[in-house]
Amino acid sequence: MRRAFGIALALLAMLLPSPSMAAESGSAFNMTEFIFGHISDSYEWHITTVKGKEIAIPLPCIVIDGGLKVFSFHDREAAGYTLNDNGKLVNASTLERPLDISITKNVLGLIIDSVLLVVLILLCARWYRRHDPLKEAPSGLAGLLEPVIVMIEQDVIKDAVGPEYEKYSPYLLTAFFFILINNLMGILPVFPGGANITGNIAVTLVMALFTFFMVNLFGNKHYWKEILWPDVPVFLKAIPIMPVIEILGMFTKPFSLMIRLFANMLAGHIMLLSVIALIFLTASMGPVLNGSPSFVAVLFGIFLDCLELLVAFIQAYVFTMLSAVFIGLAHQKPETETN
Amino acid sequence: MSLITPDFGLLFWMVVIFGVVFLILAKFGFPIITKAVRKRSDHIAESLRAAEEARLNLERFAEDQNRLVERARAERAEILKSATEERNALISKAHEEASAEAAKVLQAAREEIEAERQLAKRELKAEVSALSVAVAEKIVRKELEKNEEQKALLDKFVDEAVNGQVN
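Residues numbered from 1 in each chain as written. Chains lettered and ligands numbered in written order. Predicted model: local features only at pLDDT ≥ 70, side-chain atom pairs only at ≥ 80, totals over all residues. Heavy atoms only, no water.

Caption draft 1: Highlighting the nonpolar core. Of all hydrophobic cores here, the largest spans 83 residues; its most connected members are Tyr128(A) and Tyr171(A). Tyr43(A), Val63(A), Tyr81(A) and Leu89(A) belong to the second-largest nonpolar core, a separate cluster that totals seven residues. (Core = buried A, V, L, I, M, F, W, Y, C linked by side-chain atoms within 4.5 Å. Buried < 20%, exposed > 50% of the residue type's maximum accessible area, 1.4 Å probe, protein only.)

And the structure:
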């Protein structure tokens, strides 16, 4: 405790001789802009600002607006497009949204993470192609990934899905690693990472939809009977209360998956950014008032980063486990009549 | 860009990207790994089972061996016992035979002795009778020399005896 206090004092002392720091940062810090700039999608990948000059990677904009048009974000004015109040591309003359399939920050992040994931898993698979797993213990990448794959497959998928788990384990494993790698890359603060991918509702929506189709396209007869004509007193089915609830349940399950992943990852990013923003927020209040929150912010930031590492894993795990449970529910064998 | 309204562009790309990743990994990635891992865990389970079986076999084998040894020991004891019995029987039989033989020999000796005695008795009788006859003859001859008459009587007797023998 005393040592921590000493370090804090030393940090403060270092800050004291530079009273001009606050003045340099110039205009008032806009917290909302800072946070939303980081967590939302954009047409360029902003890396940092050096001496008022922004360093950002411009990304290709692709719109279908009476024909396919591809142009760099920096040349949007020349192509006849501008940004609206929500920061989206609109036609400069009509101010209407075109069909916008631009490679945004999140899309590029997705591509980078996906390539990384595919390479990692294929390298791991290559080890098994080239070695006899009966004679050699996995080493290198295979040694790293195998325990995780086995844990997810045997402890989560097999237990939740039941005897037919082998058919679904490729999807569920893909979902797990896809979410995990995007979560982890989201924690990285600089270029290849840092995009708030799994904290974007479009991404989690697609993940949830995949699970939805996995559940409902391969559900067995018993599953559909439980939805449309469950074993409840007839009056609950004559006025179709139960079927309506069950059909609603079909959609609320993936909906909860979507919201859970989205909200958790978004909240993590916002928390982390808010704590870091403390430093900039107090920068105009002078060195002493800036120093102590900075110190706290750094400590708390480290703590939150560790927490986010944990959350990155837990959310991928939970998504996979719940998807597996939903798939398992769609494959239950009818129980022997109990009533 | 609003937080809770999914953006179409991102939706589109996410479907494409996740779809491609899923197809690649589901075809070339995870099944190979999980199959290999499953194969290995099956192999391990099989090996464990085989080891257990081998252990049981070994145990059974040791048991068999023990039983064999036990049986051999019992057999040996049995053989020894019967040999002793046989020996004893032989000895006692020999004893019996010997004593029977001895008894027979004794009996025979006794009988012979008896026969010898009878013979001796008879010979002694004959001797005595011959002696007495000789004595009587001498006496009779002495008497007869005295008197012719008596000699005639004697001759008569002798004739009678001869005739009697012829008859």
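Caption draft 2: Layout of the packing of aromatic side chains. Scanning the entire structure with this criterion turns up 23 aromatic pairs over all chains. Ring plane angle 80 degrees and centroid distance 5.1 Å describe the contact between Trp127(A) and Tyr128(A), whose orientation is recorded as edge-to-face. Residue classification places Trp127(A) among the buried positions, given a relative accessible area of 10%. For Tyr128(A), a relative accessible area of 5% corresponds to the buried category. By the ring-pair criterion, three or more aromatic residues cluster together here, those being Tyr171(A), Phe178(A), Phe210(A), Phe18(B) and Phe22(B). A cation over a ring is seen here: Arg76(A) above Phe73(A), with NZ or CZ 4.1 Å from the ring centre. One Lys or Arg, Lys27(B), reaches over the ring of Phe28(B) and ends 6.0 Å from the middle of that ring. (Phe/Tyr/Trp six-rings, centres within 6.5 Å; stacked < 30°, edge-to-face > 60°. Lys NZ or Arg CZ within 6 Å of the ring centre and 35° of its normal.)

Caption draft 3: Just the domain arrangement of chain A, in detail. Here chain A is partitioned into domain 1 (60-102) and domain 2 (105-338). One C-alpha centre belongs to domain 1 of chain A, the other to domain 2 of chain A; they are set 33 Å apart. (Domains from an automatic or database assignment.)

Caption draft 4: View of the environment of Glu75(B). The residue Glu75(B) is located in helix α1 (residues 8-146) in this model. Distance in space between the C-alpha atoms of Glu75(B) and Lys125(B) is 73 Å, their sequence separation being 50 residues. (Helix = DSSP H or I, 4+ residues; strand = E, 2+ residues; numbered from the N terminus.)

Caption draft 5: How the structure looks around unusual backbone geometry. Residue and element names in this part refer to chain A. With phi around 50 degrees, lysine 51 is a residue other than glycine that occupies positive phi space. Here lysine 51 shows up in the loop between β1 (44-50) and β2 (53-58). Taking relative accessible area as the criterion, lysine 51 reaches 84% and is therefore assigned exposed. Residue leucine 95 is not a glycine yet carries a positive backbone phi of 60 degrees. Its place among the elements puts leucine 95 in the loop between β6 (89-91) and β7 (99-100).

Caption draft 6: Representation of the confidence of the model for chain B in the model. With 96% of its residues at a pLDDT of 70 or more, chain B shows a mean pLDDT of 88. Predicted as a complex, the structure gets a pTM of 0.74 and an ipTM equal to 0.84. (pLDDT = per-residue confidence, 0-100.)

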